[in-house]
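Each chain is listed here by its residues.
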Amino acid sequence: MTSSPLRLFIPTLMGFIFMGVFIWNITKIEPMSKASAPVATQVAEAPILITLKMAHPATEISIYHKDSRIWHASSPSLYSEIDVNLPDSNEYNFHVKAKWPENTPDTAISMTLEKQGKHPQSDTKWSFGHELSDIYQFSWK
């Protein structure tokens, strides 16, 4: 007596299905659990006091740190103190943009940076015409 092809096909198919399920179970990728997920690190911030001194009253002034405007004033006083919280670092660069009325002589803006536990540092830049756009750099060792 000969076996029918269907009698051979069914056990073979069942064997392939069993092996497929077994291989699929051992190779599937499990999603990461919450305990093993990477934790975002928070950057510590430091309180910074910025002092601006101008020789002539500006019509407008802005201070930028890392492409973000951290302070802006229209018609600021000749002396301004600005409290900001910035990422803790030993180096800070600020881009200062200022405008004065027409016919204002070349004038200076002095910026002093005070950080807790560090000596205050100052930098002075001069305008060219009635505008200033310059980088103030501060660093501690």
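Residues numbered from 1 in each chain as written. Predicted model: local features only at pLDDT ≥ 70, side-chain atom pairs only at ≥ 80, totals over all residues. Heavy atoms only, no water.

Focus: a nonpolar patch on the surface
Rules: Patches here: salt-bridge-free residues with over 30% relative accessible area, like charges joined within 9 Å, nonpolar side chains (Val, Leu, Ile, Met, Phe, Trp, Tyr) joined within 5 Å. Computed with the Shrake-Rupley method and a 1.4 Å probe, the accessible areas treat only the protein chains shown as cover for residues. Each salt bridge in this description consists of a side-chain nitrogen of Lys or Arg and a carboxyl oxygen of Asp or Glu lying within 4 Å of one another. By the criteria applied, helices consist of DSSP H or I runs no shorter than four residues and strands consist of E runs no shorter than two, each listed in order from the N terminus. Whether a residue is buried, partly exposed or exposed follows from its accessible area with a 1.4 Å probe, protein chains only, as a fraction of its type maximum: under 20%, in between, or over 50%, in that order.
A cluster of nonpolar side chains, contributed by Leu-6, Phe-9, Ile-10, Leu-13, Met-14, Ile-17 and Val-21, occupies part of the molecular surface with about 670 Å² of accessible area. Tracing the sequence through the fold places Phe-9 in helix α1 (residues 5–27). When its relative accessible area of 47% is taken as the criterion, Phe-9 is described as partly exposed.

A short note on the sheet that holds strand β4 (residues 79–87)
The pairing of strands in a sheet comes from backbone hydrogen bonds and takes either a parallel or an antiparallel form. Defined as follows: When DSSP finds two or more bridges between a pair of strands, those strands are recorded as paired. Here the axes come from fitting lines to C-alpha atoms, over the contacting stretch only for helices, and the angles between their N-to-C directions go from 0 to 180 degrees.
Pairing is antiparallel in the open sheet, where four strands are placed in the order β4-β1-β6-β7. Among the strands making up the open sheet, the edge pair consists of β4 and β7 (121–126). Neighbour to neighbour, the strand axes of the sheet diverge by 20 degrees on average, direction disregarded. Here seven bridges tie strand β1 (residues 45–54) to strand β6 (residues 108–115), and the two strands are oriented antiparallel to one another. Within β6, the residue paired with Met-54 across the bridge is Ile-109.

Structural notes on the side chain of Lys-115
Put simply, the rule is: Whenever a nitrogen or oxygen atom comes within 3.5 Å of another N or O atom, the pair is scored as a polar contact, on the condition that within protein one atom can donate a hydrogen and the other can accept it, and that pairs from neighbouring residues in sequence are kept only if both atoms are in side chains.
Along the chain, Lys-115 falls in strand β6. Relative accessible area serves as the criterion here: at 8%, Lys-115 is assigned to the buried category. A polar side-chain atom of Lys-115 sits 2.3 Å from the main-chain carbonyl oxygen of Ser-89.

Quick look at the pairing of β7
Pairing between β6 and β7: six bridges, direction antiparallel. Counterpart to Ala-108 in the pairing with β7 is Trp-126. In sequence, β6 turns back onto β7 through a hairpin of five residues, with Gly-117 there showing a positive phi of about 85 degrees.

Focus: the nonpolar core
In a soluble, globular protein the nonpolar side chains are often hidden away together inside. Stated precisely, the cut-off is as follows: Within this scheme, the nonpolar core is defined by two criteria: the residues are buried Ala, Val, Leu, Ile, Met, Phe, Trp, Tyr or Cys, and they are joined through side-chain atoms within 4.5 Å. We call two residues in contact when some of their heavy atoms are within 4.5 Å.
One finds Ile-50, Leu-52, Ile-61, Ile-63, Phe-94, Ile-109 and Met-111 to be the most contacted residues of the largest nonpolar core, which totals 25 residues. Listed by contribution, the elements that provide at least two residues to this core are β1, β2 (60–65), β3 (68–74), β4, β5 (91–99), β6 and β8 (131–139). Setting aside residues no more than four positions away along its own chain, Met-111 makes contact with Ile-50, Thr-51, Leu-52, Ile-63, Phe-94, Val-96, Gln-121, Ser-122, Asp-123, Tyr-136 and Phe-138.

Some thoughts on the environment of Ser-62
Inspection of the secondary structure puts Ser-62 in strand β2. It is 6.4 Å that separates the C-alpha atoms of Ser-62 and Ala-98, two residues lying 36 residues apart in sequence. Beyond its immediate stretch of four places on either side in the chain, Ser-62 contacts Arg-69, Trp-71, His-72, His-95, Val-96 and Lys-97. For Ser-62, the side chain forms a polar contact with the side chain of His-72, separated by 2.6 Å.

Regarding the pattern of salt bridges
Pairing is possible between side chains of opposite charge, provided their charged atoms come close. In the structure shown here, the tally under the stated rule is two salt bridges. The shortest N-O distance in the salt bridge between Lys-115 and Asp-88 comes to 2.8 Å. Of the two residues, Lys-115 sits in strand β6 while Asp-88 sits in the loop between β4 and β5, which places them 27 residues apart along the sequence. We classify Asp-88 as partly exposed; its relative accessible area is 47%. Ionic pairing is found between Lys-125 and Asp-123, a salt bridge with its closest N-O pair at 3.6 Å. Using a relative accessible area of 19% as the deciding quantity, one classes Asp-123 as buried.

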